[in-house]
2 protein chains.
Amino acid sequence: MITTIGFDADDTLWHNERVFLSAKSKYKGLLARYHDPEWVEERLDAAEIRNIKHFGYGIKGLTLSMIETAVELTEGRIKGSEINEIIGFAREMLEAPVDLLEGVSEAIEALVGKYRLMVITKGDLFDQETKIARSGLGEYFEHVEIVSDKTRNVYESLFSRQAIAKEEFLMVGNSLKSDVLPVLQIGSNAVHIPYETEWFHEKVDPVLLYGLEIESLESIRELGKWLDNKSKNAAGYEDSTA
Amino acid sequence: MITTIGFDADDTLWHNERVFLSAKSKYKGLLARYHDPEWVEERLDAAEIRNIKHFGYGIKGLTLSMIETAVELTEGRIKGSEINEIIGFAREMLEAPVDLLEGVSEAIEALVGKYRLMVITKGDLFDQETKIARSGLGEYFEHVEIVSDKTRNVYESLFSRQAIAKEEFLMVGNSLKSDVLPVLQIGSNAVHIPYETEWFHEKVDPVLLYGLEIESLESIRELGKWLDNKSKNAAGYEDSTA
């Protein structure tokens, strides 16, 4: 019986990857007179991976990687005004309107009062807090947990602090790596709702998925029905064993 | 009777302002051939204040303000290699060894088992987590709360989530604005341990302090004795009223 639902935020409740992709596309345009876009993207991805241990995830870290890559790719010829444009991309990303995915408001509102609802999201504390505030959904969530990574330990520690029985918890998110795998591995429940694109940091080795039954929905609009079915089945199972 | 102690981290448990000041001093050196250091500092402070609503507190935000200010002050003449040096300052700050203040280890160890110990710190999630891990103090703290700001609401919400009675809580920190004022204002307890320098963001209007009795210690080494006296006084008070 599910009593508590944890929602991922970026690309589960609202569009996020779009904001990053739009900034990266402007960035490639800015550097187009120096290099072709594929090469710029390849070098930027490499810088992001190299810098993640220093900068963590988030817009400010991406921006520093963009600036570093611009200097490197132009052999220092990048102009001050172009650097300023890149800092402008950061401000645009940080100020981007929080654009909810289709059906999110209705889906969340339908669950309020029936389940304990939480947001469990990775990323920059300051940035995520302002997004939750701007989303208009803040009041529906009893708890918001912003973490630097989503590992088994992080979920287990959250369960212990929030007094959640793992059998009664359901995680809902677009990332197999962060929202589904670690949750299933500790014997809890997860539903995967894929987003239109997958971030390269979130790709998961298919071997890790072998033998796991992954519940997948096309849209958050199906979540209410899925939960109803699950609780009916649970009740049916109890009946049949009673 | 105090049962739970919350410690601020930066400049209470370990040196932090030093790391920022050293980076800022290198930055002024880097721009010395363009402008005099006082002017550079003034413009950088102005950029930090202007950008705080976008970037929040922390090293990555400071670095973006440094880059922006460098472009502005050099009218775009800043060189790619100099931009790279500034990004290098960010990496240095993020990797700087966690240098405990004198007496911190002994003071904390002496409190373990007698009080419930927590860290309540402002700043960048990723950065603060790695600092707590590197500090070697992580195991002593039952709970670590990383917040984007320290307001009355933030403390009240923490008390409710962690089931802390405000009369039994003591906050220990170097910032009047973040660690002392909001805590006293909600009727809880605080001890101020000033650091060798005060960050300009943390300056507090003296009017707000009027009428408040601020308990102040010169060093964290005096905390154990202060707590002993407080509990003796509390016991004495109970005796005299019994």
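Just so you know, these numbers come straight off a predicted model, no measurement behind them.

Novice: What am I meant to see in the sheet that holds strand β3 (residues 143-147) of chain A here?
Specialist: Hydrogen bonds along the backbone pair up the strands of a sheet, which may run parallel or antiparallel. Residue and element names in this part refer to chain A. A sheet is described by the order of its strands in space; here six strands give the open sequence β3-β2-β1-β4-β5-β6, paired in parallel fashion. The open sheet has two edge strands with one neighbour each: β3 and β6 (215-216). Pairing between strand β2 (residues 116-122) and β3: five bridges, direction parallel. In the sheet register, V119 faces β3, and the bridge partner there is V144. Against the sheet, helix α7 (residues 152-161) contacts β2, β3 and β4 (169-173), and its axis sits at roughly 150° relative to β3. Each of β2, β4 and β5 (189-192) is contacted by helix α8 (residues 176-185), which is oriented at about 150° to β5, the strand it contacts most.

Novice: Any chance you could explain the packing of aromatic side chains here in plain terms?
Specialist: When we look at a pair of aromatic rings, we describe it by the centre distance and by the angle of the planes. Residue and element names in this part refer to chain B. All chains considered together, the criterion is met by four aromatic pairs over all chains. With a centroid separation of 6.2 Å and 65° between ring planes, the pair formed by F7 and F141 is classed as edge-to-face. Here the residue F7 occupies a position in strand β1 (residues 4-7), and F141 occupies one in the loop between α6 (125-135) and β3 (143-147), the gap between them amounting to 134 residues. On the numbers, 4.8 Å between centres and 55° between planes, the contact of F159 with F169 is tilted.

Novice: Looking at this structure, I do not really get the relation of the copies chain B and chain A. What am I missing?
Specialist: The relation between the two chain copies is a rotation about an axis coupled with a shift along that axis. Relative to chain A, chain B is turned by 180° and slid 0.0 Å along the rotation axis, the superposed coordinates differing by an RMSD of 0.0 Å. Seen this way, the second copy is the image of the first under a two-fold rotation axis. Most of the interface of chain B is mirrored in chain A: 100% of its interface residues are interface residues there too.

Novice: Before we go on, may I ask you to explain the interface of chain B and chain A in this structure?
Specialist: How large an interface is tends to be reported as the accessible area lost when its parts come together. At the interface, 33 residues of chain B touch 33 residues of chain A. Interface of chain B and chain A: buried area, both sides summed, is about 2900 Å²; carbon and sulfur atoms make up 65% of it. When the buried surface of chain B facing chain A is broken down by residue, H54, K60 and F126 of chain B rank first, second and third, together holding 21% of it. Our count for the contact surface shared by chain B and chain A stands at two salt bridges. E68 of chain A is the salt-bridge partner of R91 of chain B, the closest N and O atoms lying 2.3 Å from each other. Counting every contact that joins chain B to chain A gives 12 residue pairs in polar contact (both at pLDDT 80 or more). Mapped onto the side of chain B that touches chain A, the elements with two or more residues apiece are α2 (37-55), α3 (59-73), α4 (80-95), α6 and β3 of chain B. If you tally residues by element for the side of chain B that touches chain A, the top one is α4 of chain B, at eight residues. Within the side of chain B that touches chain A, the residues separate by chemical class into 14 nonpolar, 11 polar and eight charged.

Novice: Teacher, can you tell me more about the pattern of salt bridges here?
Specialist: For side chains bearing opposite charge, pairing can occur when the charged atoms are close. Residues and elements named next belong to chain A. Going through the model one piece at a time under the given rule, you end up with 38 salt bridges over all chains. Ionic pairing is found between D8 and K150, a salt bridge with its closest N-O pair at 2.9 Å. One end of the pair, D8, is in the loop between β1 (4-7) and α1 (17-30); the other, K150, is in the loop between β3 and α7, and 142 residues separate them in sequence. With respect to burial, D8 and K150 carry one shared label: buried. The salt bridge involving E41 is made with K28; its shortest N-O contact spans 2.6 Å. A residue pair is termed long-range when its members are at least 10 positions apart, and E41 in helix α2 (residues 37-55) and K28 in helix α1 qualify at 13 residues. Under the relative-accessibility criterion, E41 is labelled partly exposed at 32%. Through salt bridges that share partners, D8, K150 and D179 make up one connected network.

Novice: Would you mind showing me how to read the sheet that holds β1 of chain B here?
Specialist: Residues and elements named next belong to chain B. Strand order in the open sheet formed by six strands is β3-β2-β1-β4-β5-β6, and the pairing between neighbours is parallel. What marks the edges here is a single partner per strand, and that holds for β3 and β6 (215-216). When strand β4 (residues 169-173) meets strand β5 (residues 189-192), the two strands line up parallel, connected through four bridges. Looking at the pairing, V172 lines up with V191 of β5.

Novice: Sorry if this is basic, but what is going on with the domain arrangement of chain A here?
Specialist: All names here are of chain A. Per the domain assignment, the segments of chain A are domain 1 (4-15 + 99-241) and domain 2 (17-95). Put simply, the middle of domain 1 and the middle of domain 2, counted by C-alpha atoms, are 30 Å apart. Residue-level contacts link 15 residues of domain 1 with 14 residues of domain 2. For the pair domain 1 and domain 2, the two sides together bury roughly 1400 Å², of which 53% comes from carbon and sulfur. Summed over the shared surface of domain 1 and domain 2, the number is three salt bridges. Here D99 and R18 are joined by a salt bridge, their closest N and O atoms 3.7 Å apart. Counting every contact that joins domain 1 to domain 2 gives four residue pairs in polar contact (both at pLDDT 80 or more).

Novice: Just checking my understanding: could you explain the nonpolar core for this structure?
Specialist: Most often, soluble globular proteins keep nonpolar side chains buried together rather than apart. Counting 50 residues, the largest nonpolar core has Y27, I67 and I83 of chain A together with Y27, I67 and I83 of chain B as the members making the most contacts within it. Ignoring anything within four residues of it in the chain, the contact list for Y27 of chain B reads V40, L44, M66, T69, A70, I86 and F89 of chain B. Membership of the second largest hydrophobic core comes to 29 residues, among which are I108, V172, I193 and Y195 of chain B.

Cut-offs applied
Residues numbered from 1 in each chain as written. Chains lettered and ligands numbered in written order. Predicted model: local features only at pLDDT ≥ 70, side-chain atom pairs only at ≥ 80, totals over all residues. Heavy atoms only, no water. Pairing = 2+ DSSP bridges. Helix = DSSP H or I, 4+ residues; strand = E, 2+ residues; numbered from the N terminus. Contact = heavy atoms within 4.5 Å. Axes fitted to C-alpha atoms, helices over the stretch in contact; angles between N-to-C directions. Phe/Tyr/Trp six-rings, centres within 6.5 Å; stacked < 30°, edge-to-face > 60°. Least-squares fit on C-alpha atoms with pLDDT ≥ 70 in both. Buried area = accessible area lost by both parts, 1.4 Å probe. Salt bridge = Lys/Arg side-chain N within 4 Å of Asp/Glu carboxyl O. Polar contact = N/O pair within 3.5 Å; in protein donor to acceptor, adjacent residues only side chain to side chain. Nonpolar A, V, L, I, M, F, W, Y, C, P; charged D, E, K, R; others polar. Buried < 20%, exposed > 50% of the residue type's maximum accessible area, 1.4 Å probe, protein only. Domains from an automatic or database assignment. Core = buried A, V, L, I, M, F, W, Y, C linked by side-chain atoms within 4.5 Å.

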